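Chain by chain, the residues:
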Amino acid sequence: MVRNEIISTDIRAVIFDSDGTLVDSEVPAMDVLHEMAVAEGVRFTREEAHRQFRGVRMSDIAAWIAARVPGAPADFAARFTARYREASTRRFREALSPMPGAVELLSRLSIPFGVATNGPMEKVRLTLDLTGLLPYVGERIFSAYDQGYFKPDPGLFLFAARQLGVEPRYCAVVEDSIPGLVAGIAAGMHVYCLHPLEGLPDDVASKVQLIDSLLDLAEPLRTAPIRP
């Protein structure tokens, strides 16, 4: 059920996050990060890892972990990141599912849409492929690593809007992380939030529309008007 406001009827394009929004990859990815960090001697809980790292760029995560590993060599963050990429890819290949409603929504959308992610292109293409979503998205994938804009910077969403040929004010963003929500708000877009209300800053919660799942958007966005 959509909460906060009614869904806007003036949406002409949709920009999705990938991890935790279209693909149920956030939990396994954060679990791998937590397991690897603990193995290096970092003391924090799985819940703390999920809360702190969700939607954060990998370089910042690796730097945070490196700062808490006694005697970490200068190249620790780079080597940790490489090992994490390999370990998370193995975990994804073991079992990965689309988020509830993802197939139903993408298969029914009648307006332009794409994916804008803080993750590297190789990762997002892999996870979309493993979950059967890649054929729906095609080449409309925009990676922060390619464009140089990492959420919460709105630049990635603004770039995606230009590529979709739609002004930001007519774009919807669907996100599950605080950095992504902040980026969507800053871009001046309609923002739909999959992040639980608990833990959501008040200044963010007041500017987004809370949804329980992608299924909440299937009918409204499918019938959103396409205008010249």
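In case you missed it, the structure is sitting above this.
No experiment lies behind these values; they were computed from the predicted model shown.

### A closer look at helix α10 (residues 178–186)
So, step 1. The complete set of buried residues in α10 reads P179, G180, L181, A183 and G184.
So, step 2. Buried-residue contacts for α10 involve α9 (155–164), β4 (171–175), β5 (190–193) and α11 (202–205).
So, step 3. Two or three places before G180, at the start of α10, stands the capping residue S177, its side-chain oxygen 3.2 Å from that residue's backbone nitrogen.
So, step 4. G188 occupies a position one or two residues after α10 and carries a positive phi of about 75°.

### Some remarks on the packing of helix α4 (residues 76–94) against helix α6 (residues 121–130)
So, step 1. One way to put it is that α4 packs onto α6 with a least axis distance of 10 Å and a crossing angle of 10°. When the interaxial angle is binned, α4 and α6 end up roughly parallel. Contacts from R85, T89, F92 and R93 of α4 reach α6 at K123, L126, T127 and L130.
So, step 2. Partitioned by chemical class, the residues of the contact of α4 with α6 number three nonpolar, two polar and three charged.

### With respect to the sheet that holds strand β2 (residues 113–117)
So, step 1. If you trace the six strands from one edge of the open sheet to the other, you get β3-β2-β1-β4-β5-β6, paired in parallel fashion. Looking at strand neighbours, the two that pair on one side only are β3 (141–143) and β6 (209–210), the edges of this open sheet.
So, step 2. Lying over the sheet, α6 contacts β2 and β3, oriented at roughly 145° with respect to β3.

### Some thoughts on the side chain of S177
So, step 1. Within the secondary structure, S177 sits in the loop between β4 and α10.
So, step 2. Owing to a relative accessible area of 4%, S177 belongs among the buried residues under this scheme.
So, step 3. A polar side-chain atom of S177 sits 3.4 Å from a polar atom in the side chain of E175.
So, step 4. In contact with S177, not counting residues within four places along its chain, are R54, G55 and H195.

### Considerations on the packing of aromatic side chains
So, step 1. For the structure shown, the criterion picks out seven aromatic pairs.
So, step 2. Measuring from centroid to centroid gives 5.9 Å for F44 and F53, while their planes differ by 65°, and the two rings are edge-to-face. Across the pair, F53 and F44 agree in class, each one buried.
So, step 3. An angle of 80° between the planes, with centres 5.8 Å apart, marks the rings of F142 and F159 as edge-to-face. Of this pair, F142 sits in strand β3 while F159 is found in helix α9, placing the two residues 17 residues apart along the sequence. The same class applies to F142 and to F159, which are both buried.
So, step 4. An aromatic cluster is defined as three or more aromatic residues linked by ring pairs; in this entry it consists of F44, F53 and W64.
So, step 5. The ring of F113 carries the charged tip of R140 above its face, separated from the ring centre by 4.7 Å.

Conventions and cut-offs
- Residues numbered from 1 in each chain as written.
- Predicted model: local features only at pLDDT ≥ 70, side-chain atom pairs only at ≥ 80, totals over all residues.
- Heavy atoms only, no water.
- Buried < 20%, exposed > 50% of the residue type's maximum accessible area, 1.4 Å probe, protein only.
- Helix = DSSP H or I, 4+ residues; strand = E, 2+ residues; numbered from the N terminus.
- Contact = heavy atoms within 4.5 Å.
- Polar contact = N/O pair within 3.5 Å; in protein donor to acceptor, adjacent residues only side chain to side chain.
- Axes fitted to C-alpha atoms, helices over the stretch in contact; angles between N-to-C directions.
- Parallel < 35°, antiparallel > 145°, perpendicular 65-115°, else oblique.
- Nonpolar A, V, L, I, M, F, W, Y, C, P; charged D, E, K, R; others polar.
- Pairing = 2+ DSSP bridges.
- Phe/Tyr/Trp six-rings, centres within 6.5 Å; stacked < 30°, edge-to-face > 60°.
- Lys NZ or Arg CZ within 6 Å of the ring centre and 35° of its normal.

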